[in-house]
Structures are given as structure tokens and as C-alpha cells.
Amino acid sequence: MAYDKFNILKSTAYPLPIENVDTDQIIPARFLKGTSRDGFGENLFRDWRYGADGKPKADFILNDATFGGEILVAGKNFGCGSSREHAAWAIGDYGFRVVVSSFFADIFRNNCLNIGVLPVQVSTEFLAEIFEAIQDDPSTQLTVDLHKQSIVLSSNGKSEFFDINDYKKDNMLNGYDDIDYLSNIKSEIEGFALNTPL
């Protein structure tokens, strides 16, 4: 398996109500030298998390001990800008399994799905409710059920359905990347090749 299987996640969340967060803000270009997925979480939102002196900025959400969890709730148009895979790697390496927004850039969405981070797109109205609930009570939890494709807000029980490509859904449920998927159907591929005339 390329990553842990995803089924149901119930977690508190970090609220980041900023719109149009691009991939350079998620992981600045100067940190793109690595070729493996490890270590990028250290520099997630680097310029927002740390000052020029390298010290954490107390007013940035990831530095606020009030909040925690495996879910990042972000503003509209999250992951826009360049197509760098490293942005998704940084999100996943930091420990997030789910990112919630009212809109994702397509390439960022796919990069997340490829590494087992689930992008959950909700309505603008539901996103606003989630932000308000978390700000009112940081212990508020969200339940994300991949089988049902639903996200539930614990404070009031409201929920929404979210879309996901069937192939990517199946891969996430099994913890597969594209290579794992092909390896899993190797015998079918070999059988097809043996029974197909040249």
C-alpha cells in the first residue's frame, strides 16, 4: 500500500479561512529540492508560520495550540497556482488526511488524491457554518465518511455529500496509488495479454 486506507475519519480541524491560497504559499519554491515525499510538512505554509528570524508566528493557525486534528478547513480556491506535487506532499506529510474547501484547483485535487489526502468540496454556505462552529468551539469535530461520501458537522449534525471519482475513491479505500492498482490486477492484465492475438 502506498498509504493508509481511508474509510471514516472523525477529527477536530484547523480553520484557515483564506481564499485563493496558492501552491507557493502552501510550500514555497525554495523548498522544492527534495524528490521524496518526506520532510515537506516541516515547511508547510513556511512564510506564514515563521518570521524572518525563524521563530513561529503566534498568530498563525498551525502555531495555535487551541486547534488540532487531521483536517484542514480552507477558504475557496485552495491549491491554485503552479501544479507542484510538493504542495500536496506538504499537506500530507504534516499529518492532514482531509482538506475541506468550497473549491479546489483541479491539479491540486488530483495530486492530493494520488497520495491519500482526501479533498472534500462543500457548498459555500456549509463551509461558512464549519468555520463558525470551529471558531466558536475548537473541540468541534467533523466526520468524513468516504464510503458514503458525506461530511458531518458534530455541533449541529448537518451534513453534505461530496463528489469523488470512482477510481480514486476505490484506490483511497484500499490505500492504493496507481502502481498499486496495476499490481493488484496484474493477473488480469497477464491473462488479457495471453488471450489477445497480436
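Scroll up to find the structure.
Predicted model only: the values in this text are computed from it and were never measured.

So, on to the overall build of the chain. The helix and strand tally for the chain stands at eight helices and eight strands. Taking 198 residues into account, the globule formula puts the C-alpha radius of gyration at 16 Å, and the chain, at 18 Å, falls close to it. With respect to the principal axes defined by its C-alpha atoms, the chain has extents near 65 × 45 × 25 Å. Taken over 198 residues, the chain has a buried fraction of 45%. Here the analysis covers contacts within the chain between residues at least 6 apart in sequence; of these, 66% occur between residues at least 24 apart. Accessible surface, the chain: about 10,200 Å² in total, of which carbon and sulfur atoms supply 49%. Across the chain, the 18 positively charged side chains and the 29 negatively charged ones have centroids separated by 3 Å.

What follows concerns helix α4 (residues 106-114). For an α-helix, 3.6 residues make a turn, and residues three or four places apart therefore share a direction. Taken as a whole, α4 has its buried residues at Phe108, Arg109, Asn111, Cys112 and Leu113. Taken together, the buried residues of α4 touch α1 (23-26), α3 (86-94), β5 (118-121) and α6 (166-174). Remark: Gly116 follows α4 within two positions and exhibits a positive phi of approximately 90 degrees.

Here four strands make up an open sheet; going across it, the order is β2-β3-β4-β5 and the pairing parallel. For this open sheet the edge positions go to β2 (13-16) and β5, each flanked by a neighbour on one side alone. Mean inter-strand twist for the sheet, computed between neighbouring axes without regard to direction, equals 20 degrees.

A few words on the pattern of salt bridges. For the coordinates displayed, the defined rule picks out three salt bridges. Among the salt bridges present, the one from Asp47 reaches Arg30, with a minimum N-O distance of 2.5 Å. Of this pair, Asp47 sits in helix α2 (residues 46-49) while Arg30 sits in the loop between α1 and α2, and the two are 17 residues apart along the sequence. Linking Glu129 and Lys158 is a salt bridge whose minimum nitrogen-to-oxygen distance equals 3.4 Å. Separated by 29 residues along the polypeptide, Glu129 in helix α5 (residues 124-136) and Lys158 in the loop between β7 (150-153) and β8 (159-161) bring together distant segments of the chain. The class of Lys158 is partly exposed, set by a relative accessible area of 42%.

The sheet built from four strands is open, its strands ordered β1-β6-β7-β8 with antiparallel pairing. Two strands in the sheet have a free side with no partner beyond their single neighbour: β1 (8-11) and β8. When strand polarity is set aside, the average angle formed by the axes of neighbouring strands in this sheet is 10 degrees. Sheet topology places β1 next to strand β6 (residues 142-145); four bridges connect them, and they run antiparallel. Residue Leu9 lies in a different strand from β6, and its bridge partner there is Val144. Sitting on the sheet, α5 touches β6, β7 and β8, and the angle it makes with β7 is about 40 degrees.

Scoring rules and cut-offs
- Residues numbered from 1 in each chain as written.
- Predicted model: local features only at pLDDT ≥ 70, side-chain atom pairs only at ≥ 80, totals over all residues.
- Heavy atoms only, no water.
- Helix = DSSP H or I, 4+ residues; strand = E, 2+ residues; numbered from the N terminus.
- Rg over C-alpha atoms; globule rule 2.2 N^0.38 Å.
- Buried < 20%, exposed > 50% of the residue type's maximum accessible area, 1.4 Å probe, protein only.
- Contact = heavy atoms within 4.5 Å.
- Areas by Shrake-Rupley, 256 points an atom, 1.4 Å probe, with all protein chains shown as cover.
- Lys, Arg positive; Asp, Glu negative; His and termini not counted.
- Charge placed at Lys NZ, Arg CZ, Asp CG, Glu CD.
- Pairing = 2+ DSSP bridges.
- Axes fitted to C-alpha atoms, helices over the stretch in contact; angles between N-to-C directions.
- Salt bridge = Lys/Arg side-chain N within 4 Å of Asp/Glu carboxyl O.

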